[in-house]
Amino acid sequence: MDYSEMKPQQVTELIRQGKITHQTSGMCNGYAQANLCILPKEYAFDFLLFCMRNPKPCPVLEVGDVGSKLIKKMADSGNVCTDFPKYRIWKNGVLEKEVTDITEYWQDDFVYFLIGCSFSFEAELLEAGVPVRHIEEGKNVPMFNTNIELESAGVFHGNMVVSMRPIPYDLVVKAVNVTAAMPRVHGAPVHIGDPQQIGIKDTSHPDYGDSVTINDGEVEVFWPCGVTPQNIVMQTKPPIAITHAPGHMFITQMKNTALKY
């Protein structure tokens with residue numbers, strides 16, 4: 001089914017019904033998507049400070065009240081427990097399981113963070129004539145752990161995760177300009193070219209997501225990625241954390257244009 005022209009409310013309802021449990025790239029053209037990180041209150045300030053110090057991989061779109069499941073700013077009547085296609089449950093930094101509903105795991109001291117997602121600028125790239133390979137191939141975007149160290153805050157520390165899109169050489173400047181105008185969904189790339197310079201040995205084997213075809217005349221371009229908090233959770237090891245599964249985003253009711261400069 002083609003979800004690209006559907007409204008966010010329609011897709012969200014299908015997610016709540018369990019009819020969509022796969023990755024959301026290319027859905028609801030023109031609408032922003034969001035990553036998720038949920039932590040107990042005692043970790044919330046440190047994590048917010050971490051995001052403020054590292055806004056490229058962790059641009060905060062919305063923070064929930066303590067114990068609140070309701071998404072108020074990025075959607076009407078959104079629910080962080082049911083409105084992502086797939087979640088990850090982390091215990092002491094170890095991935096315990098993936099589920100499609102976290103209602104039974106909810107705690108009264110939880111605070112949710114919605115973080116900008118690079119899926120949001122893909123419609124802008126396509127409109128500008130820049131190809132997006134994983135959408136063409138019906139795959140999840142390839143994502144990689146890197147050696148790019150982030151600024152620590154309280155208990156939180158670790159390295160950046162990036163997403164990669166192969167871009168034709170003659171369209172790299174355009175891709176940079178289009179994405180730079182959207183800093184609330186990661187903005188401009190952090191690296192162009194040789195992946196080994198940022199600690200990636202082989203782009204055909206992503207740490208998250210799927211591998212994609214890289215054609216002659218294309219260069220690998222790397223953007224900051226909202227999966228970074230999951231890498232941070234693995235390093236910091238809070239007793240419990242809940243995130244989205246990589247690529248399985250919340251479709252907001254906010255237009256991409258509202259997140260531009």
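Let us look at the structure shown here. Keep in mind that this is a model prediction, so the values were computed, not measured. (Residues numbered from 1 in each chain as written. Predicted model: local features only at pLDDT ≥ 70, side-chain atom pairs only at ≥ 80, totals over all residues. Heavy atoms only, no water.)

Some details on unusual backbone geometry
- Backbone geometry at asparagine 92 places phi at a positive 55 degrees, although glycine is not the residue there.
- With respect to the secondary-structure elements, asparagine 92 resides in the loop between β5 (87-91) and β6 (94-99).
- One non-glycine residue, histidine 186, lies in the positive phi region at around 90 degrees.
- Residue placement: histidine 186 occurs in the loop between α5 (172-180) and β10 (191-192). (Helix = DSSP H or I, 4+ residues; strand = E, 2+ residues; numbered from the N terminus.)

Points about the nonpolar core
- By size, the foremost hydrophobic cluster in this structure holds 38 residues, and its most contacted members are Leu36, Ile38, Ile71, Ile102, Leu114, Ile167 and Ile242.
- Elements with a minimum of two residues in this core: β1 (31-40), β5, β7 (110-116), α3 (119-127), α5 and β11 (218-224).
- Sort the elements by how many residues they give to this core and β1 lands first, with 4 residues.
- Dropping the residues within four chain positions of it, isoleucine 71 is found in contact with Glu62, Ser77, Gly78, Asn79, Val80, Tyr112, Leu114 and Phe250.
- Formed by 27 residues, the second largest nonpolar core is a distinct cluster that contains Cys37, Tyr43, Ile115 and Val212. (Core = buried A, V, L, I, M, F, W, Y, C linked by side-chain atoms within 4.5 Å. Buried < 20%, exposed > 50% of the residue type's maximum accessible area, 1.4 Å probe, protein only. Contact = heavy atoms within 4.5 Å.)

Some words on empty space enclosed by the protein
- This model, assessed by the stated rule, comprises 1 cavity of 30 Å³ or more.
- In this structure, the largest cavity spans a volume of roughly 80 Å³.
- Along the wall of the largest cavity there are 14 residues; nearest its centre are Gly26, Met27, Asn29, Phe119 and Ala123.
- At the level of secondary structure, the elements contributing two or more residues to the lining of the largest cavity comprise β1 and α3.
- The element best represented in the lining of the largest cavity is α3, accounting for 5 residues. (1 Å grid on protein atoms, 1.4 Å probe; cavity = no way out; pocket = protein on both sides within 12 Å on 5 of 7 lines; lining within 4 Å. Points joined across faces, edges and corners; volume = space filled by probe spheres on them.)

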